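# Architecture at a glance
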Amino acid sequence: MRGATETEDLLRLHAPQVLGALVRRYGHFDAAEDAVQEALLAAAGQWPSAGVPGNPRGWLIKVASRRLTDALRAEEARRAREERVAALSVRDTAVADRVPREDDTLSLLFLCCHPQLTASAQIALTLRAVGGLTTAEIARAYLVPEATMAQRISRAKQKVRGLGFGRPENWEERLPAVLQTLYLIFNEGHTATSGPALQRRDLAGEAIRLTRTVHRLLPDDCEITGLLALMLLTDARRDARTGPDGDLVPLDEQDRARWDKAAIEEGVALVTRALARRHAGPYQIRAAIAAVHDEAPSPEATDWREILGLYDVLVRLVPGPVERLNRAVAVAMVRGPEAGLAELDSLTGELGHRLDAVRGHLLERAGSHEQARAAYESAAAQTLSLPEQRYLQGRAARLRP
């Protein structure tokens, strides 16, 4: 079982680089992704028993290249373009043996965020091709049906077919979609929307790695700096977020000695420099909120008034339901649970289990235990994350008469 898990982690790590290498060399985004998926399936079937090859990425590129050239050969034969297929076949070995460029994943990221795509299609395609998320996971992140998301991704693949591969000159035009995509990948890694584990560290790590790459390319962009700071400050708590059995540990109960001090120092330094340069954007404000949490030596020492002030700024910039929900928690911490509950009245069910979870927490603080228990049970019934489900069920159980 451990071997299968390690193989799965290795395949997730290499999949974007392999796809990037094939798209860079051959184009044909949709066909390249199909070929990569076939190579991943072959590896998943062979590696646990036969062993991981010395160059796993090269193995995957070689197998995927063969599958892709076979598919192209069949397609081109139907279109009477044997010359093109012959040229591809001759170059097959060279492509498989060459080490992919370091920025293949980043180039793939910018391709997925091509301006011909809508913002939602850009993010969905990148989460699928670069982040490795399933269509179901992306649909839950966007709060839409899986079938709707599958159609969106399919249309996006058709639109990028034949487009040039490489780092574009107009990076700035694609940055908002790129940053939002990286943020969603990180969020899925920080708190998985489904499954037995609370966190998917591979996704969170990949999001941080990609964001560092973008930050190196555009070091003076304050929102890139803010996003990197936000990821580091949030990821710094990961070891304290779960107990020995993988159970969720809420922020105010975490052992702060287990927080990554180096990541906190780096994140605080980044956001401090970014905020000093110009008018703050949403990622910088979120990073500043995370910094206030991380720098507090204890839950009681947390400066909730400063956090509320930062959320007031954030909701003016991004008046989304998640931002307003988080602000309601800050309101409750400063003005009392009843004030926080009043803020929840304007929010809708699109937040899923998160709204009921916060409602249960505030009702419990207000002493309305029966209503709090019902809210916790409702939230537990809605989440697909088993650690979150167990945590919410436990909170409800404590309030039973």
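Please read all numbers here as calculations on a predicted model, not as lab measurements. (Residues numbered from 1 in each chain as written. Predicted model: local features only at pLDDT ≥ 70, side-chain atom pairs only at ≥ 80, totals over all residues. Heavy atoms only, no water.)

## Observations concerning helix α6 (residues 104-112)
- Extensive coverage of α6 is indicated by the burial of 9 of its 9 residues.
- Residues Asp 104, Thr 105, Leu 106, Ser 107, Leu 108, Leu 109, Phe 110, Leu 111 and Cys 112 constitute the buried set of α6. (Buried < 20%, exposed > 50% of the residue type's maximum accessible area, 1.4 Å probe, protein only. Helix = DSSP H or I, 4+ residues; strand = E, 2+ residues; numbered from the N terminus.)

## A word on the packing of aromatic side chains
- Scanning the model with the defined rule gives 2 aromatic pairs in all.
- Note on Tyr 183 and Tyr 283: the rings are 5.4 Å apart at their centroids and 85° apart in plane angle, and the pair reads as edge-to-face. You can see Tyr 183 sitting in helix α10 (residues 171-190) and its partner Tyr 283 sitting in helix α14 (residues 282-295), a full 100 residues away along the chain.
- With a relative accessible area of 18%, Tyr 183 lands in the buried category.
- The ring of Trp 259 has Arg 237 lying over it, and the distance from NZ or CZ to the ring centre is 5.9 Å. (Phe/Tyr/Trp six-rings, centres within 6.5 Å; stacked < 30°, edge-to-face > 60°. Lys NZ or Arg CZ within 6 Å of the ring centre and 35° of its normal.)

## Let's talk about helix α16 (residues 321-335)
- Between its first and last C-alpha, α16 extends 20 Å over 15 residues, near the 21 Å set by a 1.5 Å rise per residue.
- Listed as buried for α16 are Glu 323, Leu 325, Arg 327, Ala 328, Ala 330, Val 331, Ala 332 and Val 334.
- Buried residues in α16 make contact with α14, α15 (304-317), α17 (337-344) and α18 (353-366).
- A positive backbone phi angle near 110° is found at Gly 336, which sits one or two residues after α16. (Expected span 1.5 Å × (residues − 1). Contact = heavy atoms within 4.5 Å.)

## Some thoughts on the state of the cysteines
- Within this structure, the stated rule accounts for 0 disulfides.
- Cys 112 takes part in no disulfide bond, and the closest cysteine sulfur, belonging to Cys 113, lies 6.6 Å away.
- On the basis of relative accessible area, Cys 112 is assigned to the buried category, the value being 0%. (Disulfide = S-S within 2.5 Å.)

## With respect to the confidence of the model for the protein chain
- Mean pLDDT over the protein chain stands at 85; residues scoring 70 or higher make up 89%.
- With pLDDT under 50 throughout, residues 80-102 is counted as low confidence; its partners more than four residues away or in other chains account for 31 contacts. (pLDDT = per-residue confidence, 0-100.)

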